[in-house]
Amino acid sequence: MPSLVRLVAVLSIVATGFVSCNTDEEENHGEILPVEMAFTTGLPIMLITTPDSCSITSKTDWIKKAQIIIVGPYKTELLRTEADIKGRGNVTWRLYPKKPYSLKTNSRISILGMKAAKRWVLLANWADRTLLRNDVAFECARHTSLEWTPSGTFVELVLNGKYQGTYYLCEKIQIDTSRLNIGTNDAYLMEIDDHYDEVNKFKSGLFHLPYQFREPDDDELTEEQFTYMEHYVEGLEKSLANEDMLMNGEFENWIDPQSFVDWWIVNELCYNKDTGKPRSIFLHKSGVGKLTAGPVWDFDFRTFTLYEDVYVANHFPYTRRLFKNKEFQALAKRRWADLRPALDSIPMYIDEQAAKIRASADLNIRMWPVTSKGNMDEQLSFDEAVDRMKQS
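For clarity, every value in this text was computed on a predicted model and none was experimentally measured.

Caption draft 1: Region of interest: the sheet that holds strand β5 (residues 117-123). Spatially, the seven strands close up into a barrel ordered β1-β2-β3-β4-β5-β7-β6, and their pairing is mixed. Across the sheet, the mean angle from the axis of one strand to that of its neighbour is 35°, orientation sign disregarded. Strand direction decides the pairing type here: β5 and strand β7 (residues 162-171), joined by four bridges, are antiparallel. For Trp120, the partnering residue across the bridge sits in β7 and is Glu171. Lying on the sheet, helix α9 (residues 346-367) is in contact with β6 (152-159) and β7; it crosses β7 at an angle near 140°.

Written as structure tokens, this is what we have:
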């Protein structure tokens, strides 16, 4: 039986005939390490080979029928399947040298213990010296009452026979029975994001927030559904903008307050400054239910770092207004008292995860030196950056 390293090279040769593509690789990083190094860190290895070894150059066009093999640290094959692959992200795709990817399998499958589904994400975490920020933020959220939080695991990525370093394979945010399970009839998944690059979108009337429809999909969203959500947000914002309505708590007719408190706690703990832009703020609504905060997402940049002594999540206009209501303040105090015992375990979790990926992180930084300055730990060693993360 050929070795798995040799199998990577074989797959690069035999996976042909599907598309015509560019095979030039952009070399915009540090050292190029041999693929054998991926097998030395103890993490699962994900081997992806595109047809004709196509370079992945688009976040809109899928490359079909990439071959995927996942093996364990002892070279035991854990999964063999096909998937379509493309780039993903905004700044992370356009400006960062280490690219993130989206995966779509032909059928619902479980990967590395995560629940079966078709859509998956490979996060590169290039700007994060610790590589842990997204994973730790998700762990914080899992201790709250938020409806659902993505699961993920660290892997070594080998793409078209080339070692790419440490990636975070995780679940895609989507309405699904194994993910955000809120039904499909008149269920909405919205994202507030200043990139404002989805097809179906609107700016809210009073707070001028960039709302985007993530679900229903572009080809499924009806004009009636679009108008309904636009008017719903208008009603919510009136209840927040009007002082009397705010003090009377009329926002409770529009939102689930506890979800907004728990979302706020997670973003405060992780010191997520992107809430003020705003970026990657997901909200969902099921049928006749209220608008609910979450899932949380996107913590790799400008997080876990104290820039100033303020409540950063209150840069988001909704929470800034909500905290003027005394009942909402009281709810936040109660939720913090309830959640703090569990959240006190987060520093230990950080240590455990750091131990798991330390060998991989040492290789990753050699290939992908961090030159951005958003997290202010770029020049630290891995252990120093992890310690700083816990202190924040």
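Read on for the rest.
Caption draft 2: Summary view of the pairing of strand β10 (residues 210-215). Most of β10 sits out of view: five of its six residues are buried. Pairing of strand β8 (residues 187-192) with β10, which is carried by four bridges, proceeds in the antiparallel orientation. When the sheet's bridge partners are listed, Glu191 is paired in β10 with Gln212. Of the strand pairs in this sheet, strand β9 (residues 201-203) and β10 are connected by three bridges, and their pairing is antiparallel. Opposite Lys203, over in β10, you have Pro210 as the bridge partner. The turn linking β9 back onto β10 is made up of six residues, and His208 within it adopts a positive phi angle of 55°.

Caption draft 3: Local environment of α9. The sharpest bend along α9 comes to roughly 55°, located at Ile357. Within the span of α9, buried status applies to Ile346, Tyr349, Ile350, Gln353, Ala354, Ile357, Ser360, Ala361, Leu363, Asn364 and Met367. Looking at the buried side of α9, the elements it contacts are α3 (133-142), β6, β7, α8 (326-343) and α10 (382-391).

Caption draft 4: Region of the structure containing the packing of aromatic side chains. Per the stated rule, a full pass over the model turns up 19 aromatic pairs. Taking 6.3 Å as the distance between ring centres and 20° as the angle between the ring planes, the aromatic pair formed by Tyr101 and Tyr167 counts as stacked. Here the residue Tyr101 occupies a position in strand β4 (residues 101-109), and Tyr167 occupies one in strand β7, the gap between them amounting to 66 residues. Here the aromatic rings of Phe323 and Phe328 are separated by 5.1 Å at their centres, their planes lie at 90°, and the arrangement is edge-to-face. Three or more aromatic residues joined by ring pairs form one cluster here, namely Phe138, Phe154, Tyr168 and Trp297. Above the face of the Phe39 ring, Lys75 is positioned so that its terminal group lies 5.3 Å from the ring centre. Cation over ring: Lys99 sits above Trp93, and NZ or CZ is 5.6 Å from the ring centre.

Caption draft 5: Layout of the sheet that holds strand β11 (residues 281-286). Spatially, five strands are ordered β9-β10-β8-β11-β12 in an open sheet, and the strand pairing comes out antiparallel. Among the strands making up the open sheet, the edge pair consists of β9 and β12 (292-293). Examined bridge by bridge, β8 and β11 share six bridges and lie antiparallel to one another. Counterpart to Ile192 in the pairing with β11 is Ile281.

Caption draft 6: The arrangement of the packing of α3 against α9 in detail. In contact at an axis separation of 11 Å, α3 and α9 are set at 140° when each is read in the N-to-C sense. Crossing of α3 over α9 shows right-handed handedness. Residues Asp135, Val136, Glu139, Cys140 and Arg142 of α3 lie in contact with α9, whose contacting residues are Ile346, Tyr349, Ile350 and Gln353. For the contact of α3 with α9, a count of residues per class yields five nonpolar, one polar and three charged.

Caption draft 7: Representation of the side chain of Glu378 in the model. Within the fold, Glu378 resides in the loop between α9 and α10. No salt bridge forms around the buried Glu378; measuring N to O, its nearest opposite-charge neighbour Arg133 is 6.7 Å away. At 3.0 Å, the side chain of Glu378 forms a polar contact with the backbone nitrogen of Asn375. A distance of 3.1 Å separates the side chain of Glu378 from the backbone nitrogen of Met376, its partner in a polar contact. Not counting residues up to four positions away in its chain, the partners in contact with Glu378 are Arg129, Val370, Ser372 and Lys373.

Caption draft 8: Just the state of the cysteines, in detail. In total, this model carries zero disulfides according to the counting rule given. Considering cysteine sulfurs only, Cys270 is the nearest to Cys170, which forms no disulfide, with 15 Å between them. For Cys170, a relative accessible area of 0% corresponds to the buried category.

Caption draft 9: Representation of the nonpolar core within the structure. Counting residues in hydrophobic clusters, the biggest one holds 73 residues, and the most contacted among them are Leu132, Val136, Tyr211 and Tyr318. Once residues lying within four places of it in the same chain are set aside, the contact partners of Tyr318 are Phe207, Leu209, Tyr211, Val233, Leu236, Glu237, Leu240 and Phe260. Listed in part, the 26 residues of the second largest apolar core include Ile70, Val155, Leu157 and Leu159.

Caption draft 10: Up close: the confidence of the model for the chain. On average, residues of the chain score 92 in pLDDT, and 92% of them reach the 70 mark or higher. Here residues 1-20 is modelled with pLDDT under 50, and outside its nearest four sequence neighbours on either side it reaches 32 contacts, counting other chains as well.

Caption draft 11: Spotlight on a negative patch on the surface. Together, Asp217, Asp218, Asp219 and Glu220 make up a negatively charged patch on the protein surface. Examined against the element boundaries, Asp218 turns out to sit in the loop between β10 and α4 (223-241).

Caption draft 12: Region of interest: α4. Between its first and last C-alpha, α4 extends 27 Å over 19 residues, near the 27 Å set by a 1.5 Å rise per residue. For α4, the full list of buried residues reads Gln225, Met229, Tyr232, Val233, Gly235, Leu236, Glu237, Ser239 and Leu240. Tucked inside the fold, the buried residues of α4 contact β8, β9, β10, α5 (243-247), β11 and α7 (317-322).

How each quantity is defined
- Residues numbered from 1 in each chain as written.
- Predicted model: local features only at pLDDT ≥ 70, side-chain atom pairs only at ≥ 80, totals over all residues.
- Heavy atoms only, no water.
- Pairing = 2+ DSSP bridges.
- Helix = DSSP H or I, 4+ residues; strand = E, 2+ residues; numbered from the N terminus.
- Axes fitted to C-alpha atoms, helices over the stretch in contact; angles between N-to-C directions.
- Contact = heavy atoms within 4.5 Å.
- Buried < 20%, exposed > 50% of the residue type's maximum accessible area, 1.4 Å probe, protein only.
- Bend = angle between axes of the 7 residues up to and from the residue.
- Phe/Tyr/Trp six-rings, centres within 6.5 Å; stacked < 30°, edge-to-face > 60°.
- Lys NZ or Arg CZ within 6 Å of the ring centre and 35° of its normal.
- Left-handed = near helix turned anticlockwise from the far one by under 90°.
- Nonpolar A, V, L, I, M, F, W, Y, C, P; charged D, E, K, R; others polar.
- Lys, Arg positive; Asp, Glu negative; His and termini not counted.
- Salt bridge = Lys/Arg side-chain N within 4 Å of Asp/Glu carboxyl O.
- Polar contact = N/O pair within 3.5 Å; in protein donor to acceptor, adjacent residues only side chain to side chain.
- Disulfide = S-S within 2.5 Å.
- Core = buried A, V, L, I, M, F, W, Y, C linked by side-chain atoms within 4.5 Å.
- pLDDT = per-residue confidence, 0-100.
- Patch = residues over 30% accessible without salt bridge, like charges linked within 9 Å, V, L, I, M, F, W, Y side chains within 5 Å.
- Areas by Shrake-Rupley, 256 points an atom, 1.4 Å probe, with all protein chains shown as cover.
- Charge placed at Lys NZ, Arg CZ, Asp CG, Glu CD.
- Expected span 1.5 Å × (residues − 1).

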